[in-house]
Amino acid sequence: MTLEMDEKPKTILLVEDNKADIRLIQEALKNSSITYQMETVRDGVAAMAYLQQEGEYAGALRPDLIILDLNLPKKDGREVLAEIKTNPQFKRIPVIVLTTSRNEDDVHQSYDLNANCFITKSRNLSQLFTIVRRIEEFWLSTVTLPPP
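Source: prediction; values computed, not measured.

The rules behind the values
Residues numbered from 1 in each chain as written. Predicted model: local features only at pLDDT ≥ 70, side-chain atom pairs only at ≥ 80, totals over all residues. Heavy atoms only, no water. Pairing = 2+ DSSP bridges. Helix = DSSP H or I, 4+ residues; strand = E, 2+ residues; numbered from the N terminus. Axes fitted to C-alpha atoms, helices over the stretch in contact; angles between N-to-C directions. Buried < 20%, exposed > 50% of the residue type's maximum accessible area, 1.4 Å probe, protein only. Contact = heavy atoms within 4.5 Å. Polar contact = N/O pair within 3.5 Å; in protein donor to acceptor, adjacent residues only side chain to side chain. Arc of directions from axis to C-beta. Core = buried A, V, L, I, M, F, W, Y, C linked by side-chain atoms within 4.5 Å.

S.K.: I tried to follow the sheet that holds strand β2 (residues 36-41) on my own but got confused; where do I start?
M.R.: Backbone hydrogen bonds hold the strands of a sheet together, and the pairing may be parallel or antiparallel. Pairing within the open sheet is parallel, and its five strands lie in the order β2-β1-β3-β4-β5. Since the sheet does not close on itself, it has two edges, and those belong to β2 and β5 (117-120), each with one partner. Strand after strand, the sheet turns through a mean of 20° between neighbouring axes, direction not considered. By the bridge criterion, four bridges tie strand β4 (residues 95-99) to β5 in an arrangement that is parallel.

S.K.: Where do I start with helix α2 (residues 44-51) in this structure?
M.R.: One turn of an α-helix holds 3.6 residues; hence residues three or four places apart share an orientation. The buried fraction of α2 amounts to seven of the eight residues, a majority that puts the element mostly inside the structure. For α2, the complete set of buried residues consists of Gly44, Ala46, Ala47, Met48, Ala49, Tyr50 and Leu51. Of the surrounding secondary structure, the elements contacted by the buried residues of α2 are β1 (10-15), β2, β3 (65-68) and α3 (77-86). If you check the start of α2, you find a side-chain oxygen 3.0 Å away from the backbone N of Val45, and it comes from Asp43. One or two residues past the end of α2 sits Gln53, with phi positive at roughly 55°.

S.K.: What's the story with α3 in this structure? I'm lost.
M.R.: Buried residues of α3: Gly77, Arg78, Val80, Leu81, Ile84 and Lys85, and no others. An end-on view of α3 places all buried positions within 160° of arc, on one side of the element. Elements that come into contact with the buried residues of α3 comprise α2, β3, β4 and α4 (104-112).

S.K.: What is the right way to look at the environment of Pro63 in this model?
M.R.: Tracing the backbone shows Pro63 in the loop between α2 and β3. Taking relative accessible area as the criterion, Pro63 reaches 4% and is therefore assigned buried. Placed 53 residues apart in sequence, Pro63 and Lys10 show a C-alpha to C-alpha distance of 7.4 Å.

S.K.: Any chance you could explain the nonpolar core here in plain terms?
M.R.: Within soluble globular proteins, side chains that are nonpolar generally end up buried alongside one another. Counting residues in hydrophobic clusters, the biggest one holds 24 residues, and the most contacted among them are Val15, Val41, Leu51, Ile66, Leu68 and Ile84. At the level of secondary structure, the elements contributing two or more residues to this core comprise β1, α2, β3, α3 and β4. The element contributing the most residues to this core is α2, with six residues. In contact with Leu68, other than residues within four places in its own chain, are Val15, Gly77, Val80, Leu81, Val95, Ile96, Val97 and Leu98. By size, the runner-up hydrophobic cluster in this structure holds 21 residues, among which are Leu14, Met38, Leu65 and Ile96.

Dropping the structure here:
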């Protein structure tokens, strides 16, 4: 499914500190049929600055979707998730936790903090590409996202 001509491109905020994972996610979305813009930040402090349009992120686009790693420098992904979901300005933005963690406590805590879904990253390249394409297909094509 493609976007209507008058619909604005979707903005994805990728919060990921691993350069290789960033490149793989970008590559997986490279041939997307969806018009999107991906913004990337590499730590939890930068994620909140982006959302609050502070400093170098003044004028940043409000994301339609956030893909969040849990194990981040400066501010842990769990803290970022909690801040997003308790802030009336951001709480409706869907947050997908995409992490290498297989820890059951991380799954429970993420959902307790109102993550919209929790996905464990695959180290298998083909499987990771499939996961990212399914995220795109579901979250950018199928669901109706809240307006900004």
